[in-house]
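# Analysis of the macromolecular model
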Amino acid sequence: MLPLPYADENPSSGDHTPIILLVALNLLALKLRGSYQELGFIPADPNWYSWLTSQFLHGDVFHFLGNMWALWLYGDNTAARMRHWFLPFYIVGGAAANGAHWLVDPYSSIPCIGASGAICAVMGAYFVLFPRARMRCMSLWGGRRLLNPTYYYYSISAFVFGALYLAAQFLGVMRPGGHIAYGAHIGGLLFGDTVG
């Protein structure tokens, strides 16, 4: 089981406005839940605007909350380092992630939605910019006990977690079927690694 990061030991003194703006836009887009076919990115029939609009749609509240937590966790430090380049980086990273999803599954007619491709770009940049930052993780194995005796917590470097996460996405691509766009995650991570 992949460790689940819940915090980092990398305080940020930067401006959180870009992160708050992105969370607000994603929250507003929750009202568009019935528009996946029109606004989601469909590899078999892409249109020019879905490369952007798909990044703000989510399947349900849990999908939204998971993505926004990851955006907050990795985005504060990355935005502080990139400053005014962060928002363009985020949008282009999401488009690059959609492009990678298209390369992996070009005939898919399932709308690809969610901010995870763009957030993976942010994660990739974080892993390059702050490789020694410690990620506090929770898991069902290893580490010290936290609250529930079946859960454990520990910290690992951002670089190690990034390598584990990338490996998990490659394993996901090799499993056929499912509704997770692992190719988009890989594309976002590699974009962030390169640009970050």
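Given the structure is predicted, the values throughout are model-derived calculations rather than measurements.

Let's shift gears to the confidence of the model for the protein. This prediction gives the protein a mean pLDDT of 89; 91% of its residues lie at or above 70. Per-residue pLDDT, averaged within each element of the protein, yields its smallest value for strand β3 (residues 144–146) (52) and its largest for helix α6 (residues 116–129) (97).

As a further point, take the packing of helix α4 (residues 61–82) against α6. At a minimum axis separation of 9 Å, α4 and α6 run at an interaxial angle of 50 degrees. By the angle between their axes, α4 is oblique relative to α6. In the packing of α4 onto α6, the handedness of the crossing is left-handed. Note on element contacts: α6 touches α4 through Ser116, Ile119, Val122, Met123, Ala125, Tyr126, Phe127 and Leu129, opposite Asn67, Met68, Ala70, Leu71, Leu73, Tyr74, Gly75, Asn77, Thr78, Arg81 and Met82. A class-by-class count of the residues in the contact of α4 with α6 yields 13 nonpolar, five polar and one charged.

A word on the environment of Pro131. For Pro131, the location among the structural elements is in the loop between α6 and β2 (134–139). Using a relative accessible area of 31% as the deciding quantity, one classes Pro131 as partly exposed.

On to the side chain of Asn26. Along the chain, Asn26 falls in helix α1 (residues 17–29). The class of Asn26 is buried, set by a relative accessible area of 0%. Among the polar contacts made by the side chain of Asn26, one reaches the main-chain carbonyl oxygen of Leu22 at a distance of 2.7 Å. Sequence-distant contacts of Asn26, that is, excluding residues within four places in its chain, are made with Gln55, Phe56, His58, Phe64, Met68, Tyr90 and Ala115.

Bringing the packing of aromatic side chains into the picture now. Tallied over the entire structure, the rule returns 10 aromatic pairs. Aromatic side chains Tyr74 and Phe127 sit 5.7 Å apart centroid to centroid with 80 degrees between the ring planes, which places their arrangement in the edge-to-face category. A residue pair is termed long-range when its members are at least 10 positions apart, and Tyr74 in helix α4 and Phe127 in helix α6 qualify at 53 residues. Using a relative accessible area of 2% as the deciding quantity, one classes Tyr74 as buried.

Our focus in this paragraph is the side chain of Asn67. Tracing the chain through its elements places Asn67 in helix α4. Non-local contacts of Asn67, meaning those with residues more than four positions away in its chain, are made with His58, Gly114, Ala115, Ser116 and Ile119.

The next thing to look at is α4. Along α4, the sharpest change in direction is near 45 degrees and occurs at Gly75. Note on α4: the residue one or two positions beyond its end, Arg83, has a positive phi of about 55 degrees.

Let us now look at α6. Counted at 1.5 Å a residue, the expected span for α6 with its 14 residues is 20 Å, and the 19 Å between its end C-alpha atoms agrees. The buried fraction of α6 amounts to 13 of the 14 residues, a majority that puts the element mostly inside the structure.

This paragraph deals with the pairing of β2. Alternating positions in β2 separate cleanly, Met135, Cys137 and Ser139 being buried on one face and Arg134, Arg136 and Met138 remaining unburied on the opposite face. Looking at chain direction, strand β1 (residues 4–8) and β2 are connected through four bridges and run antiparallel. Bridge pairing links Pro5 to Cys137 in β2.

Residues Tyr74 and Met123 are the most contacted members of the largest nonpolar core, which totals 41 residues. Within the residue set of this core, elements represented by two or more residues are α1, α4, α5 (86–104), α6, β2, β4 (148–157), α7 (158–174) and α8 (182–195). Looking at this core element by element, the count peaks at 10 residues for α6. If sequence neighbours within four positions are ignored, Met123 has contacts with Tyr74, Phe161, Tyr165 and Leu189. In terms of nonpolar packing, the next biggest core, distinct from the first, is built from five residues, Phe41, Ala97, Cys112 and Ala184 among them.

Conventions and cut-offs
Residues numbered from 1 in each chain as written. Predicted model: local features only at pLDDT ≥ 70, side-chain atom pairs only at ≥ 80, totals over all residues. Heavy atoms only, no water. pLDDT = per-residue confidence, 0-100. Helix = DSSP H or I, 4+ residues; strand = E, 2+ residues; numbered from the N terminus. Axes fitted to C-alpha atoms, helices over the stretch in contact; angles between N-to-C directions. Parallel < 35°, antiparallel > 145°, perpendicular 65-115°, else oblique. Left-handed = near helix turned anticlockwise from the far one by under 90°. Contact = heavy atoms within 4.5 Å. Nonpolar A, V, L, I, M, F, W, Y, C, P; charged D, E, K, R; others polar. Buried < 20%, exposed > 50% of the residue type's maximum accessible area, 1.4 Å probe, protein only. Polar contact = N/O pair within 3.5 Å; in protein donor to acceptor, adjacent residues only side chain to side chain. Phe/Tyr/Trp six-rings, centres within 6.5 Å; stacked < 30°, edge-to-face > 60°. Bend = angle between axes of the 7 residues up to and from the residue. Expected span 1.5 Å × (residues − 1). Pairing = 2+ DSSP bridges. Core = buried A, V, L, I, M, F, W, Y, C linked by side-chain atoms within 4.5 Å.

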